[in-house]
Amino acid sequence: MNTEHSLKEEEAGKVIGANLRQFRINKGLSIEALAKQIGVSKLTLIKIEGGEANPTLSVIWKIANGLNIPITALLSIESDVSIARKKEGLQLISSDDVFIVEPLFRTHDFTEIYRGYLKAEEVYLSDPHQPGVIEYITVMSGQLIVEVGGESYHLEEYDSIRFKGNLPHKYVNPSSSLTILHFVITYNYR
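So, how was this worked out
Residues numbered from 1 in each chain as written. Predicted model: local features only at pLDDT ≥ 70, side-chain atom pairs only at ≥ 80, totals over all residues. Heavy atoms only, no water. Pairing = 2+ DSSP bridges. Helix = DSSP H or I, 4+ residues; strand = E, 2+ residues; numbered from the N terminus. Axes fitted to C-alpha atoms, helices over the stretch in contact; angles between N-to-C directions. 1 Å grid on protein atoms, 1.4 Å probe; cavity = no way out; pocket = protein on both sides within 12 Å on 5 of 7 lines; lining within 4 Å. Points joined across faces, edges and corners; volume = space filled by probe spheres on them. Nonpolar A, V, L, I, M, F, W, Y, C, P; charged D, E, K, R; others polar. Contact = heavy atoms within 4.5 Å. Salt bridge = Lys/Arg side-chain N within 4 Å of Asp/Glu carboxyl O. Buried < 20%, exposed > 50% of the residue type's maximum accessible area, 1.4 Å probe, protein only.

Enquirer: How would you explain the sheet that holds strand S4 (residues 123–126) if you had to name every residue and give the values?
Expert: Ordered in space as S4-S9-S6-S7, the four strands form an open sheet in which the pairing is antiparallel. A single partner strand is all that each edge strand has here, and the edge strands are S4 and strand S7 (151–155). Averaged over all pairs of adjacent strands, the angle between their axes in this sheet comes to 15°, without regard to strand direction. Pairing of S4 with strand S9 (residues 169–172) involves four bridges; the strand directions are antiparallel. Its bridge partner being in S9, Leu125 is matched across the sheet by Lys170.

Enquirer: How would you explain empty space enclosed by the protein if you had to name every residue and give the values?
Expert: Counted according to the given criterion, the structure contains one cavity of 30 Å³ or more. Approximately 110 Å³ is the volume found for the largest cavity. In terms of lining, the largest cavity is formed by 14 residues, of which the most central are Trp61, Phe99, Val101, Phe183 and Ile185. Of all the secondary structure elements, the ones that give two or more residues to the lining of the largest cavity are helix H4 (57–67), strand S2 (99–106), S4, S9 and strand S10 (179–186). Per-class residue counts for the lining of the largest cavity are ten nonpolar, three polar and one charged.

Enquirer: Lay out the side chain of His129 with the relevant residues and their values.
Expert: Looking at the secondary structure, you find His129 in the loop between S4 and strand S5 (134–141). Those residues within four positions of His129 in sequence are excluded, and the remaining contacts are Trp61, Asn65, Glu135, Gly165, Asn166 and His169.

Enquirer: Which residues make up the pattern of salt bridges, and what are the values?
Expert: Considering all chains together, one arrives at five salt bridges under this definition. Between Glu49 and Arg24 there is a salt bridge; the shortest N-O distance is 2.5 Å. Of this pair, Glu49 sits in helix H3 (residues 42–49) while Arg24 is found in helix H1 (residues 3–26), placing the two residues 25 residues apart along the sequence. Here Glu49 matches Arg24 in class, with each residue buried. A salt bridge links Arg115 to Glu102, with the nearest nitrogen and oxygen atoms 2.7 Å apart. Here the residue Arg115 occupies a position in strand S3 (residues 111–118), and Glu102 occupies one in strand S2, the gap between them amounting to 13 residues. Comparing Arg115 with Glu102, the two get one shared label, buried. Each of Arg21, Arg24 and Glu49 takes part in a single network of salt bridges with overlapping partners.

Note that all results are geometric; they support no functional claim without further evidence.
Okay, structure coming up:
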């Protein structure tokens, strides 16, 4: 890993930590209360808030779900003009290293846009999100099987799917090459 990439990860960890602390305090939650609510250890949350740890994708989802905020609110991704270049931004990696998402943009209407990479012949099991979350996925390269609520949907290049994110779901790459995805995730907190 090069120094520039390490610096980006270190900066991202500090931004996530500062934003987590602010959202937690604004919601009137102690670290202990949030840890219990989301099933993440108090020590892990302390390290994240202190900027000493970069949380995995699963932990970031748990935090965002527990605080009822989009993931990108923790990342502070905003600007008048933004360019998201392939593999140059922040990467959120699953704990087993098979799935990577790059947050691209966040709009002000609770919509997030991501680029995702699922390794060849791998499976990523997503935790169900809070009610009101809708996922839109387009396969940009490769193949994807999306299992939602016990049903399987096989997608080829440029196929898209929309589903309720609070249903149990997983992503399967049945091919021997990397699958590249485009995600749009919307939240309804009304």
